[in-house]
Amino acid sequence: MLRKTPSRASRNIACRRCHARKVKCSGGTPCGSCRQATKQVECVYPRKSRLIKVSEQYIEDLVAENQRLQGCTHPAHSSEETTNGPVLAEAPWFVNADVLQTPILVAEASDSAFASRFRQAMAQSRHDHLPRVSFPSDEQFLAWSETEYPWPTPARARLLVQAALNGLGRCYHIVRRSSTLQELDKLSLGVLSKSKFWALFAIGEMYTTRNSSPDKEFPGIRYFCKATNILRIVSERPSVDMVEIQLLLSVYSLYLNRRHAAYSLAGSAIRLAIIMGLHLNIPESQLSDAGEREHRNRIFWTAYTFDRMWAAKLGYPCAIPDDEIEVSLPSSPSDLGDKGALDFPDRGYFVARIGLARISGRIIYSIYGKKAQKTSLSHRVQEAFADLRRWLEDLPSSLRPPACSEGDWDPKARSLHLLFNQLAILATRPILLHVLRVHLETRAQPGKELNVPASATALSETCIRCARHSCSMLVDSWTNGSFMVFDFFYTQYLFSAATILAISTLLHGKDRQSDEEQFEVVVSFLVQLRDNGNYAAAEFHKHIEAIMDLMHSTKVRIGVQSGDENATAPHDSAYNLAADAAITELPSTFTDVTPGTAFFDPFLQGLQEQPPLDLEFIDSSMYLDDQQGFYWPNECSESVTT
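Residues numbered from 1 in each chain as written. Predicted model: local features only at pLDDT ≥ 70, side-chain atom pairs only at ≥ 80, totals over all residues. Heavy atoms only, no water.

### A few points about the pattern of salt bridges
Put simply, the test is: By definition here, a salt bridge exists when the distance from a side-chain nitrogen of Lys or Arg to a carboxyl oxygen of Asp or Glu is within 4 Å. By the criteria applied, helices consist of DSSP H or I runs no shorter than four residues and strands consist of E runs no shorter than two, each listed in order from the N terminus. For every residue, the accessible area obtained with a 1.4 Å probe (protein chains only) is divided by the maximum for its type, and the residue is called buried under 20%, exposed over 50%, and partly exposed between those limits.
All told, the structure shown has 24 salt bridges when counted by the stated rule. Between K196 and E244 there is a salt bridge, with the nearest N and O atoms lying 2.7 Å from each other. You can see K196 sitting in helix α8 (residues 191–208) and its partner E244 sitting in helix α10 (residues 240–255), a full 48 residues away along the chain. Between D531 and R530 there is a salt bridge, with the nearest N and O atoms lying 3.0 Å from each other. Accessibility expressed as a relative area gives 39% for D531, which makes it partly exposed. Several salt bridges converge on common partners, so that one network encompasses R176, E292 and D343.

### Topic: the nonpolar core
Keep this limit in mind: What makes a nonpolar core is a set of buried Ala, Val, Leu, Ile, Met, Phe, Trp, Tyr and Cys residues whose side-chain atoms join them at distances within 4.5 Å. The contact rule is simple, with two residues in contact once any of their heavy atoms fall within 4.5 Å.
Membership of the largest hydrophobic core comes to 156 residues, with the highest contact counts inside it found for F300 and W310. No other element matches the 17 residues that helix α16 (residues 411–443) contributes to this core. Apart from the residues within four sequence positions on either side, F300 is in contact with I270, A273, L278, H279, I320, I325 and V327. Core analysis: the next-biggest nonpolar cluster, separate from the first, contains 7 residues, C18, C25, C43 and Y45 among them.

### With respect to the packing of aromatic side chains
Note the threshold: Stacked, edge-to-face and tilted labels apply to pairs of Phe, Tyr and Trp rings (six-membered ring for Trp) whose centres lie within 6.5 Å, assigned for plane angles under 30 degrees, over 60, and everything in between, in that order.
Evaluated as defined, the whole model comprises 30 aromatic pairs. Between Y263 and Y316, the ring centres sit 5.3 Å apart and the planes meet at 65 degrees, which makes this aromatic pair edge-to-face. With Y263 in helix α11 (residues 259–276) and Y316 in the loop between α12 (290–314) and α13 (337–343), this residue pair connects regions lying 53 residues apart in the sequence. In terms of burial, Y263 and Y316 fall into one category: buried. Consider the rings of W478 and F483, whose centres lie 5.2 Å apart with planes at 65 degrees: the pair is edge-to-face.

### Let's talk about the side chain of D307
So the rule is basically this: Between N or O atoms, a polar contact is any pair within 3.5 Å; within protein, one atom must be a potential hydrogen donor and the other a potential acceptor, and residues adjacent in sequence are included only when both atoms are from side chains.
Relative to the helices and strands, D307 resides in helix α12. The class of D307 is buried, set by a relative accessible area of 1%. Engagement of the side chain of D307 in a polar contact is seen with the side chain of R308, the distance being 3.4 Å. Each residue touching D307, except ones within four places of it in the same chain, is listed here: Y263, A266, G267, I270, C318, A319 and I320.

### Let's talk about the confidence of the model for the protein
It should be kept in mind that the predicted coordinates are not to be read in detail where pLDDT is low. Stated formally: A score between 0 and 100, pLDDT records how confident the predictor is in each residue.
The share of residues in the protein with pLDDT of 70 or more is 74%, and the mean pLDDT across the chain is 79. Looking across the protein, the model is least confident in strand β1 (residues 2–4), with a mean pLDDT of 43, and most confident in α10, with 96. For residues 581–600, every residue scores under 50 in pLDDT, and the model assigns this stretch 57 contacts once sequence neighbours within four places are set aside.

### A few points about the packing of α16 against helix α18 (residues 488–507)
The line we're drawing: In this analysis an axis means a line fitted to C-alpha atoms, helices contributing only their contacting stretch, and an angle means the value between N-to-C directions, from 0 to 180 degrees. In what follows, roughly perpendicular refers to angles from 65 to 115 degrees, roughly parallel to angles under 35, roughly antiparallel to angles over 145, and oblique to any angle outside these ranges. In a left-handed crossing the near helix is turned counterclockwise from the far helix by less than a right angle, and in a right-handed crossing that turn is clockwise. Asp, Glu, Lys and Arg are counted as charged, while Ala, Val, Leu, Ile, Met, Phe, Trp, Tyr, Cys and Pro are counted as nonpolar; the rest, among them Gly, fall into the polar class.
Axis separation between α16 and α18 bottoms out at 10 Å; the angle between their running directions is 30 degrees. Considering the angle they form, α16 stands roughly parallel to α18. Judged by the twist between their axes, the crossing of α16 over α18 is left-handed. On α18, the residues that touch R414, S415, L418, L419, Q422, I425, R429, L432, L433, V435, L436 and H439 of α16 are Y490, Q492, Y493, S496, I500, I503, L506 and L507. In the contact of α16 with α18, the residues fall into 13 nonpolar, 5 polar and 2 charged.

### Things to note about unusual backbone geometry
In this structure, N257 takes a positive phi of about 70 degrees despite not being glycine. Assignment of secondary structure puts N257 in the loop between α10 and α11. With phi around 50 degrees, D346 is a residue other than glycine that occupies positive phi space. Along the chain, the position of D346 falls in the loop between α13 and α14 (347–368).

In structure tokens:
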């Protein structure tokens, strides 16, 4: 029950003065008797209350409203305990691709965005982000899809499918080899099967083509256009075949440097998989075929891997959170005999690749995410290194680097370790870029002391060493002939490592000369790939050209000339001493640069076991400064994307 004070109009009582004199009170304020006696101040009514009934629901609503209002003050308090990533501005960045189109979101995690940041740091002024125009346009696809293109001869078809299965099978599970080859021999095929084979023809032709030229059609692109016709209808009852087609088209789109299309197709494959329940284990009672159950599992994990990896390349969100996935990891069915070994090989490799894909999603969210974080940047970097270290510890011996530096890399092991290096670079290159900024500012002010925390220097050195190891593996792949001309991944790793080596030459460390030579080798590779029709190489080389122009002027400004081994300023000595001190403070650090040494050296574990790194200096650094934001051209007639 609540007490409620009645309104004065409802009162039928006398004021205190009239009550004391026992005279009739007329009511009002003041009453007539007090007004006549000029005693208005004494005309006060006694406070009385009466009991009224209210519902229990009314009480509960009041309590809930009170709790809600109290909760409104909590976010304001907790925001003081969170921190944003060091590479993010308060608002997302967009570029107007066309005045008639929606602006495109630019994410900091992409390699092209980092290249633009690098140029801004060197120029210390506004610099436009270079537009990405090296990919086939939508209009070209529409024109090609409307033209007739013949089905290849039986011998040609089998060759292309075999090449696609061999090329894709080294890294991914998309289709079952045994059933695919059997289906190819059928006289009549359904719509989905035809679409799947058109996509396989496109990938096979890309794998079997050794070189092309920018003025010629990209290998397999006509087959690809035929395969996309099925996408004109969004299926209400998706099937595993639909997921397979989406994944085939997604990976081919990436080779075309149509990264947004690849990301969209991978996300669509995840959505179809969710509708079919591929993210959950299907009971044996509902699907007794062990091969089909394993195919369902592996096809989902391939979609998951594509989604995570493509998202990491663009810095975009993933399609499904990890806590929604309950399906088992890939296995090796023992009751399928030779067919099982043919269709489901190398369980350890696929599990390892899934692990790296999962880590990539965490790195993008924790280090590059827009949301405020509850932990500092240093803590998040340490978590990334802890994840990478655990991945290394669980890696099967068959996927570890060769025993000696001259040993031959297993192609699957090489691809895993290149991806591992890329993730380590992704986690540390924001710190490296800030160290470069501090270094350039110090060089511009004679007498100023280089002031960079030891942990930041150590992480910068880690980033550079990972880039060196990637270059070493890529050069080895190039010289032994296993580097595919149209491979997007190796091309991306070349570009990513090249930007890091370029930064290393400006820091003027002890290995600057060898880094500069390695940088020149990588650039020559990109030129050859561009000239042979590699779309991604054409885009990345434009960034490299812009970087090289600024590198020359920057070296002139800070007094460092190419090939001048004696040009070592006090700042350079200070950086070398700081790097040596940072490295030697950590236990059992590595010094060799042979392939594979970085992956298993205790250096990463040493960083992980240190107290919280003193990286708070970067949390409110120039990354959040408006002067360091991206600057886009006011008008651009070409399609611009990241």
